[in-house]
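Inside the fold
Residues per chain, in single letters:
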Amino acid sequence: MKTFCIVMAVAALLAIAFFILKYHILMNLALNARSRNLMSSKSSEKLPARELEIRRQIQEDGEWMEALPREDIEILSQDGLRLRGHYIHAQGEAQRIVVLFHGWRGSWTVDFGSMGRWLREIGCDLLLAEQRAQGASEGRYMGFGVLERRDVAQWIRCLEQERRNTLPVYLGGVSMGAATVLMAAGDPLPDFVKGVLADCGFTSPYEMLYEVGRKSLYMLEHPSMDYVNLIIKRYAGFGIKEYSTLEAMRKTKLPIFFVHGLADDFVPCRMTQQAYEACASLKELLLVEGAGHVRSFFYDNENYRRRVEAFFGWQ
């Protein structure tokens, strides 16, 4: 009987240790972009020809963008981090500035090389932010939009006070960058900020982390997400239920153009649909058949560009 009790106690301790380790791994994977991405695909399965062509285009356009003349800018976040950005001028006379925020474990060249070609051609100066804890920007942990939305305010302040901007400004983002600009749209912004383009954003850190954990770790919502929230508060300094795009959309007065691919298997399309339904301002929704995560621009390029330009009056 004594031996049985010892075995059961050891088993219980191991189960608790495994529980704690598993969710610390989830937190580190989700918030520490400088750690190895254990979810990256190692499969040797042949990719579809269309996806291979898109990846080739992304690489080519990213290299093109990185080679463009640019001004590298540095600002301080509200919590004292040095954040890097890159200012690239329009192909002709600038009509507006689009401030772009890349996604989770993304980059300004990969996420916006292709879109940047189009935007520069239609008279947009580009300010491409490197999100906190990613790329050349400081920080240990990403904030899934909750912290980054405050960084948006700092980039806008830079344009207003340091660069003496006189052009209309638009915010744009993909994936976590889309969640970032949607959350920022719920905060007070200067009158020269005129609209938001949000491509495949999620609703909240809580919902997104649960989606990832449910699929990859087969975890139950409770008590798993309660513990994840606890350790993220402890290490990263924010709560995963602290804010959401839905809350921001109920308050925003900015025109919002929403985009999502119907075949997105990373950020569920329903999250953009929920944000669209919650949005209290002028809005439009483009859902793209067959497009996966951050692929709508490539699957429905002409319609994407035409509808965005018409919605914001960029003709």
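Residues numbered from 1 in each chain as written. Predicted model: local features only at pLDDT ≥ 70, side-chain atom pairs only at ≥ 80, totals over all residues. Heavy atoms only, no water.

**Concerning the packing of aromatic side chains**
The line we're drawing: A pair of Phe, Tyr and Trp rings is counted when the ring centres sit within 6.5 Å of each other, with Trp represented by its six-membered ring. The angle between the planes then sorts it: under 30 degrees is stacked, over 60 is edge-to-face, the rest tilted. We call a charge positioned over a ring when the NZ of a Lys or the CZ of an Arg lies within 6 Å of the ring centre and within 35 degrees of the ring normal.
Using the criterion set out here, one finds 12 aromatic pairs in the structure. With a centroid separation of 5.2 Å and 90 degrees between ring planes, the pair formed by F297 and Y304 is classed as edge-to-face. Counting every residue linked through ring pairs, the aromatic cluster contains Y170, F257, F311, F312 and W314. The residue whose ring lies beneath R117 is W64, and the NZ or CZ to ring-centre distance is 4.2 Å. One cation-aromatic arrangement involves R163 over Y87; the distance from NZ or CZ to the ring centre is 4.3 Å.

**Quick word on the pairing of strand β5 (residues 169-174)**
Heads up, the condition is: For every residue, the accessible area (1.4 Å probe, protein chains only) is compared with the maximum for its type, and the residue is labelled buried under 20%, exposed over 50%, or partly exposed between those bounds. Helical segments are the DSSP runs of H or I of at least four residues, strand segments are the runs of E of at least two, and each set is numbered from the N terminus. For two strands to count as paired, DSSP must find a minimum of two bridges between them. Seen with the strands pointing away from the viewer, any crossover whose path from the first strand over the helix to the second strand runs clockwise is right-handed.
Counted residue by residue, β5 has six buried out of six residues, so it is predominantly covered. Neither face of β5 is exposed, since V169, L171 and G173 on one face and Y170, G172 and V174 on the opposite face are all buried. Where strand β3 (residues 96-101) and β5 come together, five bridges link them in parallel fashion. The partner of V99 across the bridge, within β5, is L171. Sheet topology places β5 next to strand β6 (residues 193-199); six bridges connect them, and they run parallel. Within the sheet, the bridge partner assigned to G173 lies in β6 and is A198. This β-α-β element, β5 to helix α5 (residues 176-184) to β6, shows right-handed connectivity.

**Thoughts on empty space enclosed by the protein**
Note the following rule: Only protein atoms enter the 1 Å grid, on which a cavity is a set of points fitting a 1.4 Å probe that cannot get out and a pocket is an open set with protein on both sides within 12 Å along at least 5 of 7 lines, lining residues being those with an atom within 4 Å of a point. Grid points are joined across faces, edges and corners, and a volume is the space filled by probe spheres set on the points. Following the grouping adopted for this structure description, the nonpolar residues are Ala, Val, Leu, Ile, Met, Phe, Trp, Tyr, Cys and Pro, the charged ones are Asp, Glu, Lys and Arg, and the polar ones are all others, Gly among them.
Tallying each qualifying case throughout the model produces two cavities of 30 Å³ or more. Of the volumes computed, that of the second largest cavity is approximately 40 Å³. What lines the second largest cavity is simply V98, L100, M115, L119, Y170, L171, G172, L197, F312 and W314. By residue number, the principal contributor to the lining of the second largest cavity is β5, which donates three residues. Looking at side-chain class alone, the lining of the second largest cavity contains nine nonpolar, one polar and no charged residues.

**As for the layout of surface pockets**
Estimates place the volume of the second largest pocket at around 210 Å³. Around the second largest pocket, the lining residues are A185, G186, D187, P188, L189, P190, D191, V193, K251, T252, K253 and L254. The residue makeup of the lining of the second largest pocket, split by class, is six nonpolar, two polar and four charged.

**Digging into helix α6 (residues 205-216)**
Given 3.6 residues per helical turn, the α-helix brings residues three or four places apart onto the same face. For clarity, the cut-off: Take the number of residues in a helix, subtract one, and multiply by 1.5 Å to get its expected span.
An ideal rise of 1.5 Å per residue puts 16 Å on 12 residues; α6 measures up with 16 Å between its terminal C-alpha atoms. Along α6, the residues that are buried comprise P205, Y206, M208, L209, Y210, E211, V212 and G213.

**Brief notes about the pattern of salt bridges**
We count it as follows: By definition, a salt bridge exists where a carboxyl oxygen of Asp or Glu is found within 4 Å of a side-chain nitrogen of Lys or Arg.
Applying the stated criterion across every chain yields a total of 18 salt bridges. Of the charged contacts, one joins R150 and E242 as a salt bridge, the two residues approaching to 3.1 Å between their closest N and O atoms. On the criterion of sequence distance, the pair formed by R150 in helix α4 (residues 148-162) and E242 in the loop between α7 (224-236) and α8 (245-251) is long-range, its members being 92 residues apart. Within the structure, one salt-bridge network assembled from shared partners comprises E74, R82, R84 and E138.

**Here we look at the nonpolar core**
The criterion, for reference: In this description, a nonpolar core means a group of buried Ala, Val, Leu, Ile, Met, Phe, Trp, Tyr and Cys residues linked to one another through side-chain atoms lying within 4.5 Å.
Counting residues in hydrophobic clusters, the biggest one holds 61 residues, and the most contacted among them are V196, M249 and I256. With seven residues, the single largest contributor to this core is α5. Counting 30 residues, the second-largest nonpolar core is a separate cluster that includes V98, F112, V174 and V288.

**Remarks on the sheet that holds strand β1 (residues 71-76)**
The line we're drawing: With axes taken as lines fitted to C-alpha atoms, and helix axes fitted only over the stretch in contact, angles between N-to-C directions fall between 0 and 180 degrees. Note on definitions: a residue-residue contact is assigned when non-hydrogen atoms from the two residues lie within 4.5 Å.
One open sheet holds the eight strands; their spatial order is β1-β2-β4-β3-β5-β6-β7-β8, and the pairing between them is mixed. Each end of this open sheet is capped by a strand with a single partner; those strands are β1 and β8 (283-288). Looking at each pair of strands side by side, their axes are set apart by 20 degrees on average, direction ignored. The sheet strands contacting α5 are β3, β5, β6 and β7 (256-261), and the helix crosses β5 at an angle near 140 degrees.

**Some thoughts on the packing of α4 against α5**
Cut-off, in case you're wondering: Any angle from 65 to 115 degrees is called roughly perpendicular, while one under 35 is roughly parallel, one over 145 is roughly antiparallel, and all others are oblique. In a left-handed crossing the near helix is turned counterclockwise from the far helix by less than a right angle, and in a right-handed crossing that turn is clockwise.
Two elements in contact, α4 and α5, have axes separated by 8 Å at closest approach and are oriented at 70 degrees. It follows from the interaxial angle that α4 and α5 lie roughly perpendicular. Considering the relative orientation of α4 and α5, their crossing is right-handed. Here E148, R149 and V152 of α4 come into contact with α5, specifically with M176, T180, M183 and A184. Here the contact of α4 with α5 is built from residues that sort into four nonpolar, one polar and two charged.

Read these as layout, nothing more, since geometry by itself doesn't imply function.
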